[in-house]
Amino acid sequence: YAHRALYRATGGRVGLWRARPNRWGTLRLTTTGRRTHQERSVILGYLEDGPNLVTMAMNGWSDGEPAWWLNLQANPNATVVLADGPRSVKARAAAGAERSRLWAKWREVEPNLDGYAALRSSETALVILEPRR
């Protein structure tokens, strides 16, 4: 909530930062509500993986899927705003070897990742936001 409030209060000038080696960044994701069909925005942490952005679908390590991930499953097209500007993306869940590789990448940034993930009764989805052409 704090990031979102800071972002809104400053008109988007503060509250987002780029990912760097061994440090996650923040982005603003706007999805289309699966029931309301209205725009919904959240601020999330992400890592870069080539041209893709990778985030974790979680509710502060509590059970249940976040609404933004449910929205993306219904309509994978979305918009992100990064510190250097907006881009259109298409979302998908990482699976198999790709998921393992990306989980390890997140673990480099957050050494306690597995302990936090163990608080959830289901696997935490890694969401890949690919550039949309």
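Residues numbered from 1 in each chain as written. Predicted model: local features only at pLDDT ≥ 70, side-chain atom pairs only at ≥ 80, totals over all residues. Heavy atoms only, no water.

Caption draft 1: Molecular detail of the overall build of the protein chain. Helix and strand counts for the protein chain stand at 4 helices and 6 strands. Walking the protein chain from its N terminus toward its C terminus, one meets helices and strands in the order α-β-β-β-α-β-β-α-α-β. Considering only residue pairs separated by 6 or more positions, the protein chain has 61% of its internal contacts joining residues 24 or more positions apart. Carbon together with sulfur atoms contributes 50% to the accessible area of the protein chain, which is approximately 7500 Å² in total. (Helix = DSSP H or I, 4+ residues; strand = E, 2+ residues; numbered from the N terminus. Contact = heavy atoms within 4.5 Å. Areas by Shrake-Rupley, 256 points an atom, 1.4 Å probe, with all protein chains shown as cover.)

Caption draft 2: Focus on the environment of proline 76. Looking at the secondary structure, you find proline 76 in the loop between helix H2 (67-74) and strand E4 (77-82). Accessibility expressed as a relative area gives 24% for proline 76, which makes it partly exposed. Spatially, the C-alpha atoms of proline 76 and threonine 32 are 8.9 Å apart, while their sequence positions differ by 44 residues. Apart from the residues lying within four places of it in its own chain, the contact partners of proline 76 are Val89, Lys90 and Ala91. (Buried < 20%, exposed > 50% of the residue type's maximum accessible area, 1.4 Å probe, protein only.)

Everything listed here is a matter of coordinates, which is why it stays silent on function.
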